[in-house]
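# Topology and contacts: notes
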Amino acid sequence: MSETRRKTRSSIWYGGRGKSAFMHRSWMKNQGFPDDSFDGRPVIGICNTWSELTPCNAHFRDLAERIKRGVLEAGGFPVEFPVLSVSESQFRPTAMLFRNLAAMDVEETIRAAPLDGVVLMCGCDKTTPSLMMGAASCDLPTIVVSGGPMLNGRLRGTQIGSGTAVWKLFEDRKAGLIGDDMMDEAEQGQSRSPGFCMTMGTASTMASLVEALGAALPENAAIPAVDSRRNKLAQLSGRRIVEMVELDQRLSKVLTREAFENAIRANGAIGGSTNAVIHLIALARRIGVDLTLDDWDRLGRDVPTLVDLMPSGRFLMEDFYYAGGLPVVLRRLGENGLLHRDAETVNGRSIWENVRDADCWNEEVIRPWNNPLTQQGGLAILRGNLAPRGAVLKPSAASPELFSHRGRAVVFDSIEEYHARIASPALDIDASSIMVLRNCGPKGYPGMAEVGNMGLPPKLIEQGVRDMVRISDARMSGTAYGTVVLHVAPEAADGGPLALVREGDFIELDVAGRRLHLDVPDEELERRRAQWVAPDLIGVSAWRRIYRDHVTQADEGCDLDLHPGRRDLEVPRPSH
Ligand code: FES
């Protein structure tokens, strides 16, 4: 037994001839593990988010076996464990309500169990941030294996993208352009294989940012879920985590300030999801890096969007992989002074060593630096009397002609009110109006649903209107698009100024000036504030009460305010 092995955390459970060690080993042996499984070799937890309710992760049972194969080859002892699998497509009221609960599940399992290193099996949107947040609080050696994207969607000879197609198809059906037969074909053709949404939505974004952070092996983001190379990457990750334990390469060595800055710039270059802002801030706080909304604006401002993927562009994740994937994007950032080249990654090499030779095989999909999809790919962080703590807009998914806009507010107090009124011919609204949706933030919904990109009024769609300014304290799906101001903080249900807007008020949006202004005198706003009554926030379960009472606002990552941040793993007291 080597010196390294005698020092493993798991040997506190399994080493020696005492009563506790006997019991820990004995119960595990009911699964047939041989004696040498407990000889001090690294015990690797494989944190699996497989669930039939999370179709994006439906292939994770097999993928976990590939990881185990790698762990065994490298001399480790793999132990698979389930955690709450947060399903974007199936969970109501919104998957985001459960991100922090899953993170808690991950953290407490790692703390309680005899683990020396962890492989995080991430896929569907929230499964990436939740697993990473939980692992960050523990700071063991950790590597991410993403599940990979679905095959490209197909419909009548064209490619259709997850989510993005839904918004477009339903707008076309509202406008009377297509019928149910086409919708039925689309329903099947959009989702043709296991894997996460194959647009540059939140799942693809987070898988890409994991790679940019250096927390996964190169190419992790884009290999399709059903491509044999995904299995190979899983096996290699299994081998590598054992080495990481032996080298004590903890997550905090990878998730540095420089790594987060690389990820923010990568997000601009891929045209990534607005949800990444919330998830990265939450993750950074867990690991002890002070990341703010202003970092997002400052670092992303000069980053061109190179990747021509839906919802901002034309292609899909399969195309991205065949064009060279994220390594090409990181190489281009590095060649243009926008990458911290020395940032350490999980394979022990610097990020630059990993990507400097990456070749691009399709410059339509990954555009050259001097011919980007959009010049300003970063996210715009807006402030003003309507969003004192910030709001987010994705310029690459918005309409440039609306970047400087003044319009009359049409206000919806809830998503239910929006649905009740939006189709009414009597709705007093035109293309220059600004739609305001409130009480959809972290506390108000609860969970900050992806309803910020509310559909346009049918009567305006029929007139050919395809975009309008929309403002809310909600989020929007990473697969969605439009001139949509999101994450207004503080939220209306927490007393933010969004609660004070009245129908007919004028609002000014100035993207270049990063300004969001409610054109109402301060005295009038004070008068309205005095009359404002906080909504009655119901919590129908213990978790929802905890969430409502402790969730932070979007600018702080919507984590619970109870989290103390990263803490070294103490050795738990014996249970027997
Ligand atoms: Fe799972 Fe989109 S619904 S990634």
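## Details of the pattern of salt bridges
- As enumerated under the stated definition, the model contains 43 salt bridges in all.
- Residue Arg286 pairs with Asp559 through a salt bridge whose shortest N-O separation is 2.8 Å. Separated by 273 residues along the polypeptide, Arg286 in helix H13 (residues 275-287) and Asp559 in the segment after helix H21 (542-550) bring together distant segments of the chain.
- For Arg286, a relative accessible area of 1% translates into the label buried.
- Its salt-bridge partner being Arg515, residue Glu508 comes within 3.2 Å of it at the nearest N-O pair.
- The structure contains a network of salt bridges with shared partners spanning Glu107, Arg111, Arg286 and Asp559.

## Remarks on the sheet that holds strand E1 (residues 43-48)
- If you trace the four strands from one edge of the open sheet to the other, you get E2-E1-E3-E4, paired in parallel fashion. Edge positions in the sheet fall to strand E2 (77-82) and strand E4 (142-146), since each of these pairs with one other strand and no more. Direction aside, the axes of adjacent strands within the sheet are offset by 20° on average.
- Where E1 meets strand E3 (residues 117-122), four bridges bridge the pair, whose relative direction is parallel. When the sheet's bridge partners are listed, Ile44 is paired in E3 with Gly117.

## With respect to the environment of Gly195
- Structurally, the position occupied by Gly195 is in the loop between helix H8 (180-189) and helix H9 (202-213).
- In this structure the C-alpha to C-alpha distance between Gly195 and His59, which are 136 residues apart in sequence, comes to 7.5 Å.
- Here Gly195 is in contact with Pro55, Cys56, His59, Gly148, Pro149, Met150 and Ala225, once residues within four sequence places are set aside.

## Some words on unusual backbone geometry
- Cis geometry is found at the peptide bond from Met310 to Pro311, where omega equals 10°.
- The omega angle of the peptide bond from Tyr445 to Pro446 is 0°, so this bond is cis rather than trans.
- Relative to the assigned elements, Pro446 resides in the loop between strand E10 (434-437) and helix H19 (458-462).
- Positive phi outside glycine occurs at Met448, with the angle close to 65°.
- Among the secondary structure elements, Met448 is positioned in the loop between E10 and H19.

## A word on the packing of aromatic side chains
- The tally for this structure, following the rule as stated, stands at seven aromatic pairs.
- On the numbers, 5.4 Å between centres and 90° between planes, the contact of Phe412 with Tyr418 is edge-to-face. Per residue, the accessibility class of Phe412 equals that of Tyr418, and both read buried.
- Here a set of aromatic residues connected by ring pairs shows up, and it is made of Tyr14, Phe33, Phe38 and Phe77.
- Above the plane of the ring of Trp50 lies Arg61, whose end atom (NZ or CZ) is 3.8 Å from the centre.

## Looking at helix H16 (residues 326-335)
- Of all 10 residues in H16, eight are buried; the element is thus mostly enclosed.
- Those residues of H16 not exposed but buried are Leu326, Pro327, Val328, Val329, Leu330, Arg332, Leu333 and Gly334.
- Looking at the buried positions of H16, the neighbouring elements they touch are H9, helix H12 (257-270), helix H15 (317-322) and helix H17 (351-355).
- With its phi angle positive at about 75°, Gly337 sits one or two positions after the end of H16.

## Details of the packing of H12 against H16
- Relative orientation of the contacting elements H12 and H16 amounts to 110°, with a least axis distance of 10 Å. The angle between H12 and H16 falls in the class roughly perpendicular. Between H12 and H16 lies a crossing of right-handed hand. Each of Arg265, Ala266, Ala269 and Ile270 in H12 lies in contact with H16, whose residues at this interface are Leu326, Val329, Leu330 and Leu333.
- Among the residues forming the contact of H12 with H16, the class breakdown is seven nonpolar, no polar and one charged.

## Focus: the state of the cysteines
- For the structure on display, the rule yields zero disulfides.
- There is no disulfide at Cys440, and the cysteine sulfur nearest it, in Cys558, is 13 Å away.
- Relative accessible area serves as the criterion here: at 1%, Cys558 is assigned to the buried category.

## With respect to the packing of helix H7 (residues 164-174) against H8
- Their axes nearest at 11 Å, the elements H7 and H8 cross at an angle of 175°. Taken together, the axes of H7 and H8 are roughly antiparallel relative to one another. The residues of H8 that touch H7, namely those facing Leu169, Phe170 and Arg173, are Asp180, Met183 and Ala186.
- Of the residues in the contact of H7 with H8, the class split is four nonpolar, no polar and two charged.

## A word on the nonpolar core
- One finds Phe260, Trp296 and Phe320 to be the most contacted residues of the largest nonpolar core, which totals 108 residues.
- Setting aside chain neighbours within four positions, we find Phe320 in contact with Met200, Ala222, Val307, Leu309, Gly325, Leu326, Val329, Val365 and Ile366.

## Topic: the confidence of the model for the protein
- Per-residue pLDDT for the protein has a mean of 95; in total, 98% of the residues score no lower than 70.
- Long-range and interchain partners of residues 1-6, a stretch whose pLDDT sits below 50, account for nine contacts in this model, where long-range means more than four residues apart.

## Points about the side chain of Asp467
- By secondary structure assignment, the location of Asp467 is in the loop between H19 and strand E11 (469-472).
- Within polar-contact distance, the side chain of Asp467 engages the side chain of Ser399 at 2.4 Å.
- Among the polar contacts listed, one links the side chain of Asp467 to the side chain of Thr483, at a separation of 2.6 Å.
- The residues contacting Asp467, other than those within four sequence positions of it, are Ala398, Ser399, Leu402, Leu456, Gly482 and Thr483.

Reading guide: rules and limits
Residues numbered from 1 in each chain as written. Predicted model: local features only at pLDDT ≥ 70, side-chain atom pairs only at ≥ 80, totals over all residues. Heavy atoms only, no water. Salt bridge = Lys/Arg side-chain N within 4 Å of Asp/Glu carboxyl O. Helix = DSSP H or I, 4+ residues; strand = E, 2+ residues; numbered from the N terminus. Buried < 20%, exposed > 50% of the residue type's maximum accessible area, 1.4 Å probe, protein only. Pairing = 2+ DSSP bridges. Axes fitted to C-alpha atoms, helices over the stretch in contact; angles between N-to-C directions. Contact = heavy atoms within 4.5 Å. Phe/Tyr/Trp six-rings, centres within 6.5 Å; stacked < 30°, edge-to-face > 60°. Lys NZ or Arg CZ within 6 Å of the ring centre and 35° of its normal. Parallel < 35°, antiparallel > 145°, perpendicular 65-115°, else oblique. Left-handed = near helix turned anticlockwise from the far one by under 90°. Nonpolar A, V, L, I, M, F, W, Y, C, P; charged D, E, K, R; others polar. Disulfide = S-S within 2.5 Å. Core = buried A, V, L, I, M, F, W, Y, C linked by side-chain atoms within 4.5 Å. pLDDT = per-residue confidence, 0-100. Polar contact = N/O pair within 3.5 Å; in protein donor to acceptor, adjacent residues only side chain to side chain.

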